[in-house]
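Here's the letter readout for the chains.
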Amino acid sequence: MTTNDVLLYSTALTWLMIMTASLLHGKGNVRLGISNRDDMPERSPLAARADRAAKNMLENMVLFVALIVATSSNPERSALGPQIFFFARLAYWPTYLAGIKYVRSALWAIAIAGLVLMIV
């Protein structure tokens, strides 16, 4: 899997996370999604976790994309780090949705290790 593949997959994962959070918050009501969202329902615990997971992914994607750009001239340097980041984030999402605290935090740390690996 190339670095570009991982970037595309990570982008798709980010989009899925955002859409899932939105759908869970609106409780599947598409009308809410196309409205001004002035009267959104209270978030369920699952919807709140989905929203936090999506926001966390967006925050980490900024770092990830910056590192992809910074290391693009040396593909060997950044070969393993992006894959670690992606697969850890992929596992992080359902773990966060399920509310499994310590495993979620460990997966986050593994994803960050992937970013660090891209730097060193």
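Residues numbered from 1 in each chain as written. Predicted model: local features only at pLDDT ≥ 70, side-chain atom pairs only at ≥ 80, totals over all residues. Heavy atoms only, no water.

S.K.: Lay out the confidence of the model for the protein chain with the relevant residues and their values.
M.R.: Averaged over every residue, the pLDDT of the protein chain is 89; residues scoring 70 or more account for 85%. Element-level pLDDT for the protein chain is lowest in helix 2 (residues 30-33), with a mean of 66, against a maximum mean of 96 in helix 4 (residues 80-98). (pLDDT = per-residue confidence, 0-100. Helix = DSSP H or I, 4+ residues; strand = E, 2+ residues; numbered from the N terminus.)

S.K.: Go over the pattern of salt bridges with me, naming the residues and quoting the values.
M.R.: If you walk through the whole model with that rule in mind, you get two salt bridges. For the salt bridge of Arg-43 with Asp-51, the shortest nitrogen-to-oxygen distance reads 3.7 Å. Note on Arg-43: relative accessible area 38%, which makes it partly exposed. Between Lys-55 and Asp-51 there is a salt bridge whose closest N-O contact spans 3.1 Å. (Salt bridge = Lys/Arg side-chain N within 4 Å of Asp/Glu carboxyl O. Buried < 20%, exposed > 50% of the residue type's maximum accessible area, 1.4 Å probe, protein only.)

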